Amino acid sequence: MAEADVVTAPPRVVVGVGASTGVDAEEVLALVEDTLREAGLPVASVAELATVDSRAAEPGLVEAARRLGVPLVAYGPRDLARVEVPHPSAVPLAAVGTPSVAEAAALLGGGDLLVPKRTSARTDGRPARATCAVVRRPGSRSGTPATPATGAYGTHGTITGMDTHSPPRPAAAPPGAGPAHDLRHHGDAEVRDSGAALVDLAVNVRADTPPAWLRERIAASLTGLAAYPDGRAARAAVAARHGVPAERVLLTAGAAEAFVLLARALPARRPVVVHPQFTEPEAALRDAGHTVDRVLLREADGFRLDPAAVPEDADLVVVGNPTNPTSVLHPAAALAGLARPGRTLVVDEAFMDAVPGERETLAGRTDVPGLVVLRSLTKTWGLAGLRIGYVLAAPETVAALERAQPLWPVSTPALVAAQACVEGPALAEAERAARRVAADRAHLVAGLRRLSPHGVRVVPDAEGPFVLVRLPDAATVRARLRDLGYAVRRGDTFPGLDREWLRLAVRDRETVDGFLAALERALGSG
């Protein structure tokens, strides 16, 4: 290659941020931009913002990360306190136990300190409310493209389970690794507070739901709101639907509550979450004080599970089927093979009722030791605002989870909806809907494949009501799609994925055709 053809790419960097309560996004962004300018780096070089977990929900930091299009990573104060920083200060040491949140958060993942701690400038004479420091991400060097790791994440630990004689396998992240993605980002954030009417391909709730008959059943239940909820009839109906005793069923406020109950009520020495998948299980485990290991599936393998990649000593394993966001449907036999004495195997089947015939389901199985199956009724039936789901597990597991629930956790309208959605006519309607989704998904995938000259790649063999796609500069394309009236789900908040990924919900053909035309425009713009 001629010398003039060499392209020098800037390093990918982590920006550590310390902030006071009430800091605004403008102050954070101005500080980040000034600091990067000092390092001779563009804003596009930022791979993530990092801070202490007590500031993870600070609106100014959250908004700054959103505008930069990067995850906001949060670390515990004890992790930060172990990092030796070059410019200590007594104020953060007294507040959170580390002498510099900005430098410690940036350095925790390793790498070279490019710019030490800088403090924001205020034009109104008041004290500065933000500090930041910049660290070159490990493996990123000037003069070569910065390539994100496709194996284990955490505090950017090295990829394990690889050698020079065999292809790389999915790897478990290093024990104690902190989150490298925004685990609390969900699809509704793509359409919430948008300020404009957007066609929603970001949220995986079936369009035009709940149906009229279900709305009528729920509305009729409102006359009984004076009485405390009684879940016995709904619990019996769910049990009958899956052919199990009622003591193997627990009704929950959506599958999300079930993840919290599992994290708080069940003992686990080494919980493992298989990624990419729905991030709430890991978030709930971390919130409950667990150290979580990750098994990251690879694009090269079609994001299919290799059971041998799950550590043998894992005593709590969480996997989705079909998996959000990859839409991969794992064989039931492979998942059942993960069961071990002393291990809890959690299979999230929130989207299984969108699979025709519910192929590969483990719901109703009582022969798999330690099996816990989670189901959601919010996706197919459009009940995300009502919150209803359930757990299928051994009676002793159900009893342990039930003890961790508050009294009357599921409302009367949600109980009525649960009973209605597992009756025969509803199951038949769900099956018809699943077959329509399969046909509409095939139409969407075919249209996406026609855009392959633009670099669009679709994860093959999708079985859920969504597809996962990879395309160059996905963050820019996503922004252009919003300008064209379409919301899609960013993929970089899922561990194992980066900023080149988008998740697309399946919609009817007319909507899909309009979206494909907009996507082609977005890909060809600029």
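Refer to the preceding data block for the structure.
Here's what I pulled together on the structure shown here. (Residues numbered from 1 in each chain as written. Predicted model: local features only at pLDDT ≥ 70, side-chain atom pairs only at ≥ 80, totals over all residues. Heavy atoms only, no water.)

## Some thoughts on a nonpolar patch on the surface
Logical step 1: The grouping of Tyr228, Leu407 and Trp408 at the surface amounts to a nonpolar patch, some 420 Å² of accessible area in total.
Logical step 2: Within the secondary structure layout, Trp408 lies in the loop between helix H12 (395-404) and helix H13 (412-421). (Patch = residues over 30% accessible without salt bridge, like charges linked within 9 Å, V, L, I, M, F, W, Y side chains within 5 Å. Areas by Shrake-Rupley, 256 points an atom, 1.4 Å probe, with all protein chains shown as cover. Salt bridge = Lys/Arg side-chain N within 4 Å of Asp/Glu carboxyl O. Helix = DSSP H or I, 4+ residues; strand = E, 2+ residues; numbered from the N terminus.)

## Side note on the nonpolar core
Logical step 1: Formed by 54 residues in total, the largest nonpolar core has its most connected members in Leu214, Leu251, Phe303, Leu362, Trp381, Leu383 and Leu392.
Logical step 2: Apart from the residues lying within four places of it in its own chain, the contact partners of Leu214 are Trp381, Leu383, Ala417, Ala420 and Cys421. (Core = buried A, V, L, I, M, F, W, Y, C linked by side-chain atoms within 4.5 Å. Buried < 20%, exposed > 50% of the residue type's maximum accessible area, 1.4 Å probe, protein only. Contact = heavy atoms within 4.5 Å.)

## Some details on helix H15 (residues 474-483)
Logical step 1: Of all the positions in H15, only Ala474, Val477, Arg478 and Leu481 are classed as buried. Projected onto a plane normal to the axis of H15, the buried residues spread over an arc of 100 degrees and lie on a single side.
Logical step 2: On its buried side, H15 packs onto strand S17 (486-490), strand S18 (501-505) and helix H16 (509-524).
Logical step 3: Looking at the residues trailing H15, positive phi occurs at Gly485, about 100 degrees. (Arc of directions from axis to C-beta.)

## Digging into the sheet that holds strand S1 (residues 13-19)
Logical step 1: One open sheet holds the five strands; their spatial order is S3-S2-S1-S5-S4, and the pairing between them is mixed. Strands with a single pairing partner mark the edges of an open sheet, and in this sheet they are strand S3 (72-75) and strand S4 (112-119). In this sheet, neighbouring strand axes are inclined to one another by 25 degrees on average, regardless of whether the strands run parallel or antiparallel.
Logical step 2: As paired strands, S1 and strand S2 (residues 46-52) are joined by four bridges and run parallel to one another. (Pairing = 2+ DSSP bridges. Axes fitted to C-alpha atoms, helices over the stretch in contact; angles between N-to-C directions.)

## Points about the packing of helix H14 (residues 424-449) against H16
Two quantities define a packed helix pair, namely the angle between the helix axes and the distance between the axes.
Logical step 1: Relative to each other, H14 and H16 sit at 15 degrees, their axes nearing to 10 Å. Classified by the angle between their axes, H14 and H16 sit roughly parallel to one another. Relative to H16, the crossing made by H14 is right-handed. Side by side, H14 and H16 meet where Ala439, Asp440, His443, Leu444, Gly447 and Leu448 of the first sit next to Arg509, Val512, Asp513, Phe515, Leu516 and Leu519 of the second. (Parallel < 35°, antiparallel > 145°, perpendicular 65-115°, else oblique. Left-handed = near helix turned anticlockwise from the far one by under 90°.)

## Structural notes on unusual backbone geometry
Excluding glycine, a negative phi dihedral is what most residues carry, and trans is how most peptide bonds are arranged.
Logical step 1: Of note, the amide linkage connecting Asn321 to Pro322 takes the cis form, showing an omega dihedral of -10 degrees.
Logical step 2: By the element assignment, Pro322 lies in the loop between strand S11 (316-320) and helix H10 (332-336).
Logical step 3: At the junction of Asn324 and Pro325, the peptide bond is cis and its omega measures out at 20 degrees in the coordinates.
Logical step 4: With respect to the secondary-structure elements, Pro325 resides in the loop between S11 and H10.
Logical step 5: Phi at Phe303 is positive, roughly 55 degrees, even though this residue is not glycine.

## Things to note about the environment of Pro42
Logical step 1: Here Pro42 lies in the loop between helix H1 (25-39) and S2.
Logical step 2: For Pro42, a relative accessible area of 39% gives the class partly exposed.
Logical step 3: For the pair Pro42 and Arg12, spaced 30 residues apart in the sequence, the C-alpha separation amounts to 10.0 Å.

## Overview of the pairing of strand S10 (residues 293-296)
Logical step 1: Because side chains alternate across S10, one face comprises the buried residues Asp293 and Val295, and the other comprises Arg294 and Leu296, equally buried.
Logical step 2: Note: strand S9 (residues 271-275) against S10, four bridges, orientation parallel. Looking at the pairing, His275 lines up with Leu296 of S10.
Logical step 3: Crossover S9 to S10 through helix H9 (residues 280-287) is right-handed. (Right-handed = clockwise from strand over helix to strand, strands pointing away.)

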